[in-house]
Amino acid sequence: PLETFDHPRNAVYILGSEDTSLNTKILRACRHHIALPTIGSRPPSYNVSAAGSIILYDRETKRRAREAKRRVPHQKGREGIDSLKFPYRNKRDE
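Cut-offs and rules
Residues numbered from 1 in each chain as written. Predicted model: local features only at pLDDT ≥ 70, side-chain atom pairs only at ≥ 80, totals over all residues. Heavy atoms only, no water. Helix = DSSP H or I, 4+ residues; strand = E, 2+ residues; numbered from the N terminus. Contact = heavy atoms within 4.5 Å. Areas by Shrake-Rupley, 256 points an atom, 1.4 Å probe, with all protein chains shown as cover. 1 Å grid on protein atoms, 1.4 Å probe; cavity = no way out; pocket = protein on both sides within 12 Å on 5 of 7 lines; lining within 4 Å. Points joined across faces, edges and corners; volume = space filled by probe spheres on them. Nonpolar A, V, L, I, M, F, W, Y, C, P; charged D, E, K, R; others polar. Salt bridge = Lys/Arg side-chain N within 4 Å of Asp/Glu carboxyl O. Polar contact = N/O pair within 3.5 Å; in protein donor to acceptor, adjacent residues only side chain to side chain. Patch = residues over 30% accessible without salt bridge, like charges linked within 9 Å, V, L, I, M, F, W, Y side chains within 5 Å.

J.: So, the overall build of the protein chain: which residues are in play, and what are the values?
T.: Counting its secondary structure elements, the protein chain contains 2 helices and 0 strands. The contacts of the protein chain with a sequence gap of at least 6 include a subset with a gap of at least 24, amounting to 55%. Counting only carbon and sulfur atoms, one obtains 53% of the accessible surface of the protein chain, whose full area is about 8,200 Å².

Set out below in structure tokens:
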């Protein structure tokens, strides 16, 4: 499941279509498979761009959380993931 998946540092994500998924040969060649969360007993069905966005968002939030844990614990101010400064933020976001 995505919630417990530990994304490798270097990865290639292969996404299949909603209708046919990926063929067996490709699935066997993959080292990991990720299952996306579902609500209730409904079978999972995501548009491929939505599925990719969910997976990449999860990867980035977990990476930021790991980075926040590596920060010096005695830093003053806000702690945790929100305290990190990323180069792509606007100055107004700080």
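J.: Just give me the short version of the layout of surface pockets, but keep the residues and values in it.
T.: The computed volume of the largest pocket comes to approximately 820 Å³. With 3 residues, the top contributor of residues to the lining of the largest pocket is helix 2 (residues 48–70). Across the lining of the largest pocket, the residue classes tally to 18 nonpolar, 8 polar and 2 charged.

J.: Go over the pattern of salt bridges, please, and point to the residues and values.
T.: Under the definition given, this model contains 4 salt bridges. One continuous salt-bridge network, built from bridges that share partners, spans E60, R63 and R64.

J.: Any chance you could break down the side chain of K62 for me, citing the residues and the numbers?
T.: Looking at the element boundaries, K62 is found in helix 2. For K62, the side chain forms a polar contact with the main-chain oxygen of L2, separated by 2.7 Å. For K62, the side chain forms a polar contact with the side chain of D58, separated by 3.0 Å.

J.: Please provide a residue-by-residue account of the environment of E3, values included.
T.: Residue position: E3 is located in the segment before helix 1 (24–29). Between the C-alpha atom of E3 and that of P37, which follows or precedes it by 34 residues, the distance is 7.9 Å. Once you skip the residues sitting within four places of it in the chain, E3 turns out to touch P37 and K62.

J.: Give a description of a nonpolar patch on the surface that names residues and reports values.
T.: Nonpolar side chains collect at one region of the surface, where V12, I14 and I26 lie side by side and expose about 280 Å² of accessible area between them. Along the chain, the position of I14 falls in the segment before helix 1.

J.: So what about the environment of I26? Which residues, and what values?
T.: Structurally, I26 is set in helix 1. Considering only alpha carbons, one finds I26 and I14, 12 residues apart in sequence, at a separation of 8.9 Å.

No statement about biological role is implied by the geometric values presented.
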